[in-house]
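# Breakdown of the fold
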Amino acid sequence: MQHASSNFRRRFQAGERLVGSFLKIAQTMPAEIMGTLGYDFVVIDEEHGALNRESIDHMLLACRAYGVGGLVRVPSSEPAAIQAVLDCGGDGVLVPHVDSAEKARRIVSAARYRSGSRGYSSTTRAGEFGGRTIAAHLDEQDDRATVLAMIEDPAALDVLDEILAVEGLDGVFIGRGDLTVAYGQDKAGSAPVTAATEKICAAAQKAGKGICVMASGPEDAAAMAGLGATGFIVSSDQTLLRKAAAASLTETRKALDTRS
């Protein structure tokens, strides 16, 4: 059985422009809302969100129910972290602080069965709870799992070509926030981060790898598309909630003040 969200990797590899959002709230409803609105994917943020394996499992189930690609930003490059979310049915992982080809090879290996070292179990959501043969499970999962290396350290810029040459790596996520802090900056769009972003995009395009970014708004998304990005993460459930709540509060107070 193929689930609606299982085509994320193929769409990303094909260069479709895909729009997603970070999810940091440990509930299923944000993923369901994104699905009803037509978002292409979400990234469940285990690195910075107050989430655990059980809440991630529920959120990934919601992604499948609504046909939304479900990726997880894992907290580290440890194989156990990658295996856990893939077993729960994730469409892939964003792995933070990939700053060497060796680390890139390690995360790809952790996500693959036939060409890697992923620990085997088919009695999971990913394996349809034992409903597939071993061969079918290996094939489906190796085809499904998307591996994105987060390039967010200056050290990674020195070995970009080596990282991007790793077979099985599907693409990169450009961590402009971490790069901003790493370069001693405190405002978005600083010169060193802009230069690093352009260098990463050029190297990824040359290597034939996909590019995913966090877009600060429509104009930024369009600018990054011009540099070759095709995966766009716009905001997060927390930020969207805060923005809508603030606007509603302001509008309500304004309306009440005019009637006083």
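The present account deals with the structure reproduced in this document.

Reading the values: rules and limits
- Residues numbered from 1 in each chain as written.
- Predicted model: local features only at pLDDT ≥ 70, side-chain atom pairs only at ≥ 80, totals over all residues.
- Heavy atoms only, no water.
- Phe/Tyr/Trp six-rings, centres within 6.5 Å; stacked < 30°, edge-to-face > 60°.
- Helix = DSSP H or I, 4+ residues; strand = E, 2+ residues; numbered from the N terminus.
- Buried < 20%, exposed > 50% of the residue type's maximum accessible area, 1.4 Å probe, protein only.
- Lys NZ or Arg CZ within 6 Å of the ring centre and 35° of its normal.
- Axes fitted to C-alpha atoms, helices over the stretch in contact; angles between N-to-C directions.
- Left-handed = near helix turned anticlockwise from the far one by under 90°.
- Contact = heavy atoms within 4.5 Å.
- Nonpolar A, V, L, I, M, F, W, Y, C, P; charged D, E, K, R; others polar.
- Polar contact = N/O pair within 3.5 Å; in protein donor to acceptor, adjacent residues only side chain to side chain.
- Pairing = 2+ DSSP bridges.
- Right-handed = clockwise from strand over helix to strand, strands pointing away.

Applying the stated criterion across every chain yields a total of 4 aromatic pairs. Ring geometry for Phe 8 versus Phe 41: centroids 5.3 Å apart, planes at 55 degrees, classification tilted. Here Phe 8 is found in helix α1 (residues 8-13), whereas its partner Phe 41 is found in strand β2 (residues 41-45), with 33 residues between them in sequence. Comparing Phe 8 with Phe 41, the two get one shared label, buried. Site record: aromatic cluster; members linked through ring pairs are Phe 8, Phe 12 and Phe 41. The ring of Phe 22 is capped by Lys 24, whose NZ or CZ atom sits 5.3 Å from the centre of that ring.

Another point: the packing of helix α4 (residues 79-87) against helix α5 (residues 101-111). Remark: α4 packs on α5, axes separated minimally by 9 Å, with the N-to-C direction vectors making an angle of 35 degrees. Where α4 crosses over α5, the handedness of that crossing is right-handed. Contacts between α4 and α5 involve Pro 79, Ile 82 and Leu 86 on the former and, on the latter, Ile 107, Ala 110 and Ala 111. For the contact of α4 with α5, a count of residues per class yields 6 nonpolar, no polar and no charged.

Here we take up the side chain of Arg 112. Following the sequence through the fold, Arg 112 ends up in the loop between α5 and α6 (134-144). A distance of 2.7 Å separates a polar side-chain atom of Arg 112 from the backbone oxygen of Ala 145. Beyond its immediate sequence surroundings of up to four residues, Arg 112 is in contact with Arg 9, Ser 117, Arg 118, Asp 142, Ala 145, Val 147, Gly 168 and Asp 170.

Let us look at the pairing of β2. For β2, the tally of buried residues reaches 5 of 5 residues, placing the bulk of the element in the interior. Both faces of β2 are covered, namely the face carrying Phe 41, Val 43 and Asp 45 and the face carrying Val 42 and Ile 44. Examined bridge by bridge, strand β1 (residues 18-23) and β2 share 4 bridges and lie parallel to one another. Residue pairing across strands places Phe 22 opposite Val 43, the latter belonging to β2. Read from β1 through helix α2 (residues 29-37) to β2, the crossover connection turns out right-handed. As paired elements, β2 and strand β3 (residues 69-73) share 5 bridges and run parallel to each other. The residue of β3 that forms the bridge with Ile 44 is Val 72. What joins β2 to β3 is helix α3 (residues 53-66), and the crossover it makes is right-handed.

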